[in-house]
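Here are the chains, one letter per residue:
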Amino acid sequence: ITPIGQPNAGSRNVIFNKGERQGDAPKWQVLGRYGHTFTLSNGATLNPQLKYQWQSEKYDAGLYRPQAYYPNNRNTRETAIPAFGLLDVSLRFAPAGDRWDVTAYVNNATDELNIKSLTYDPNPAGATLGQTLATLGEPRTYGVILTAKF
């Protein structure tokens, strides 16, 4: 595959070898949701919801290399993002008449470490060793939402 960009020291090129997986593309990703509305005898409703998302290991910014540092090959150091799964849960209550409702939620209920991206800088500010920077996804978050209709 021909690299993208101009072949000079200032450009960032993408270099793929035959058979390599493309960056930021997990081999497997699964998303499942379930929700159900229960109507109580007084007309009020309860609506629990579950969402689970899992993705397999993927490779990120290690595929992106400044042409000046890696003109003919890809350095695979620090590019694997481990598999992770996220569980979100919520419960909505609405009284009869549906003039207001309240929803309690927990996102990333298991507080799973999830890495969104990795970036490797082979020579930060003239240093002799490179550094890897990670962008993390949200930790466990929770809250309550009150909605009024008028």
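Above: the structure in question.
Residues numbered from 1 in each chain as written. Predicted model: local features only at pLDDT ≥ 70, side-chain atom pairs only at ≥ 80, totals over all residues. Heavy atoms only, no water.

Enquirer: Where do I start with the overall build of the protein in this structure?
Expert: A count of helices and strands for the protein gives 0 helices and 12 strands. Listing the helices and strands of the protein from first to last along the sequence gives β-β-β-β-β-β-β-β-β-β-β-β. Looking at the protein residue by residue over its 150 residues, the buried ones come to 27%. Long-range pairs, those at least 24 residues apart, make up 59% of the contacts in the protein between residues at least 6 apart in sequence. Total accessible area on the protein is roughly 10000 Å²; 56% of this is exposed by carbon and sulfur atoms. (Helix = DSSP H or I, 4+ residues; strand = E, 2+ residues; numbered from the N terminus. Buried < 20%, exposed > 50% of the residue type's maximum accessible area, 1.4 Å probe, protein only. Contact = heavy atoms within 4.5 Å. Areas by Shrake-Rupley, 256 points an atom, 1.4 Å probe, with all protein chains shown as cover.)

Enquirer: Quick question: what am I supposed to make of unusual backbone geometry here?
Expert: Outside of glycine, negative phi angles account for most residues, and trans bonds account for most peptide bonds. With a phi angle near 55°, aspartate 98 is a residue other than glycine that sits in the positive phi range. Its location among the elements puts aspartate 98 in the loop between strand E8 (84-94) and strand E9 (100-107). Here the phi dihedral of aspartate 111 falls at roughly 55°; this positive angle occurs in a residue that is not glycine. Relative to the assigned elements, aspartate 111 resides in the loop between E9 and strand E10 (115-121).

Enquirer: Explanation requested: the side chain of threonine 45 in the structure shown.
Expert: Locating threonine 45 in the fold gives a position in strand E4 (residues 45-55). Beyond its immediate chain neighbours, meaning those up to four positions away, threonine 45 contacts Thr37, Phe38, Thr39, Arg92, Phe93 and Ala94.

Enquirer: Explain the pattern of salt bridges to me, please; I cannot follow it from the model alone.
Expert: Pairing is possible between side chains that carry opposite charge, provided their charged atoms lie close to one another. Overall, the coordinates contain 4 salt bridges when judged by the stated rule. If you follow the salt bridges from partner to partner, you end up with Arg92, Asp98, Asp101 and Lys149 in one network. (Salt bridge = Lys/Arg side-chain N within 4 Å of Asp/Glu carboxyl O.)

Enquirer: What is the right way to read the environment of arginine 140 from this model?
Expert: By secondary structure assignment, the location of arginine 140 is in the loop between strand E11 (131-136) and strand E12 (141-148). Assessed through its relative accessible area of 40%, arginine 140 is described here as partly exposed. Along the sequence, arginine 140 and leucine 86 sit 54 residues apart, while their C-alpha atoms lie 9.6 Å from each other. Not counting residues up to four positions away in its chain, the partners in contact with arginine 140 are Val106, Asn107, Asn108, Ala109, Thr110 and Asp111.

Enquirer: Hey, could you run me through the pairing of E9 in this one?
Expert: Successive residues of a regular strand alternate their side chains across the two faces of the sheet. Two strands pair when backbone bridges link them, and E8 and E9 are joined in this way by 5 bridges, in the antiparallel orientation. Along E9, the bridge assignment pairs arginine 92 with threonine 103. Taking the residues that link successive antiparallel strands as the turn, the E8-E9 hairpin has 5 residues, and the phi of glycine 97 there is positive, at about 95°. Direction of pairing for E9 relative to E12: antiparallel, over a ladder of 8 bridges. Across the sheet, residue alanine 104 finds its bridge partner in E12, namely valine 144. (Pairing = 2+ DSSP bridges.)

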